Amino acid sequence: MFVKDVDLEAMPTSIFLNDDDPQGSVLGPILFLIYINDLDYSIRNWILKFADDTKLFSRITDNMDVVKLQEDLSKLIKWSEEWQMLFNVSKCKVMHIGNCVLQRQHFMENQKLEVVH
């Protein structure tokens, strides 16, 4: 980017902006990925991250698996509070896939997560 320094008394004033220079939109996604890179460090289940979307999933075979999944949800909330990147809990959902007998309720910030099919 080039901005010409001009005398305010003199006319005309010229400003040249070059579109080829990197702007915030180029660095923004990279900085965001660096910022959330440690989101999954203490998570025991599988986690997928894409842009600002996070998916946590687990195979549930017994009650201990249910407890581990809830603990991971709590760890995500703790991380989000620590880094001031709060989850929109109203958009968080639970999906059960397969013949799961152990369909338990899951919570984030003491709010029950909606089950979708």
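In case you missed it, the structure is sitting above this.
Residues numbered from 1 in each chain as written. Predicted model: local features only at pLDDT ≥ 70, side-chain atom pairs only at ≥ 80, totals over all residues. Heavy atoms only, no water.

J.: So what's going on with the overall build of the chain? Residues and values would help.
T.: Across its full length, the chain carries 2 helices and 8 strands. The helix and strand sequence of the chain, counted from the amino end, reads β-β-α-β-β-α-β-β-β-β. Across the 117 residues in the chain, those meeting the buried criterion constitute 19%. When contacts within the chain are restricted to residue pairs at least 6 apart in sequence, long-range pairs at least 24 apart make up 38% of them. (Helix = DSSP H or I, 4+ residues; strand = E, 2+ residues; numbered from the N terminus. Buried < 20%, exposed > 50% of the residue type's maximum accessible area, 1.4 Å probe, protein only. Contact = heavy atoms within 4.5 Å.)

J.: Before we move on, could you go through the pairing of strand 4 (residues 53–57) and cite the residues and values that matter?
T.: Two faces, one strand: in a regular strand the side chains alternate between the faces of the sheet. Two elements, strand 3 (residues 46–50) and strand 4, share 5 bridges in a ladder whose sense is antiparallel. Opposite K49, over in strand 4, you have T54 as the bridge partner. (Pairing = 2+ DSSP bridges.)

J.: A description of the packing of aromatic side chains should follow, citing residues and the corresponding values.
T.: Here the structure, examined in full by the defined rule, presents 2 aromatic pairs. With centroids separated by 5.6 Å and ring planes inclined at 20 degrees, the aromatic side chains of W46 and F57 adopt a geometry described as stacked. Of this pair, W46 sits in strand 3 while F57 is found in strand 4, placing the two residues 11 residues apart along the sequence. (Phe/Tyr/Trp six-rings, centres within 6.5 Å; stacked < 30°, edge-to-face > 60°.)

J.: Lay out unusual backbone geometry with the relevant residues and their values.
T.: For Q84, which is not a glycine, the phi torsion comes out positive at approximately 55 degrees. Note on placement: Q84 falls in the loop between helix 2 (63–82) and strand 5 (93–95). At N110, a residue that is not glycine, the phi angle is positive and equals roughly 60 degrees. By secondary structure assignment, the location of N110 is in the loop between strand 6 (107–108) and strand 7 (111–112).

J.: A description of the side chain of N45 should follow, citing residues and the corresponding values.
T.: Mapping N45 onto the fold places it in the loop between helix 1 (24–35) and strand 3. You can call N45 buried: its relative accessible area is 15%. Separated by 2.8 Å, the side chains of N45 and S58 make a polar contact. Of the polar contacts made by the side chain of N45, one reaches the side chain of D72; its length is 2.7 Å. When sequence neighbours within four positions are dropped, the list of residues in contact with N45 reads L56, F57, S58, K68, L69 and D72. (Polar contact = N/O pair within 3.5 Å; in protein donor to acceptor, adjacent residues only side chain to side chain.)

J.: An account of helix 2 is requested, with residue identities and associated values reported.
T.: With 20 residues, helix 2 should reach 28 Å at 1.5 Å per residue; the first-to-last C-alpha distance of 29 Å fits that figure. Among the residues making up helix 2, those that are buried are D65, V66, L69, D72, L73, L76, I77, W79 and S80. Seen from one end, helix 2 has its buried residues packed into an arc of 165 degrees, which puts them on one side. Away from the buried face of helix 2 by more than 90 degrees, exposed residues K78 and E82 are located. (Expected span 1.5 Å × (residues − 1). Arc of directions from axis to C-beta.)

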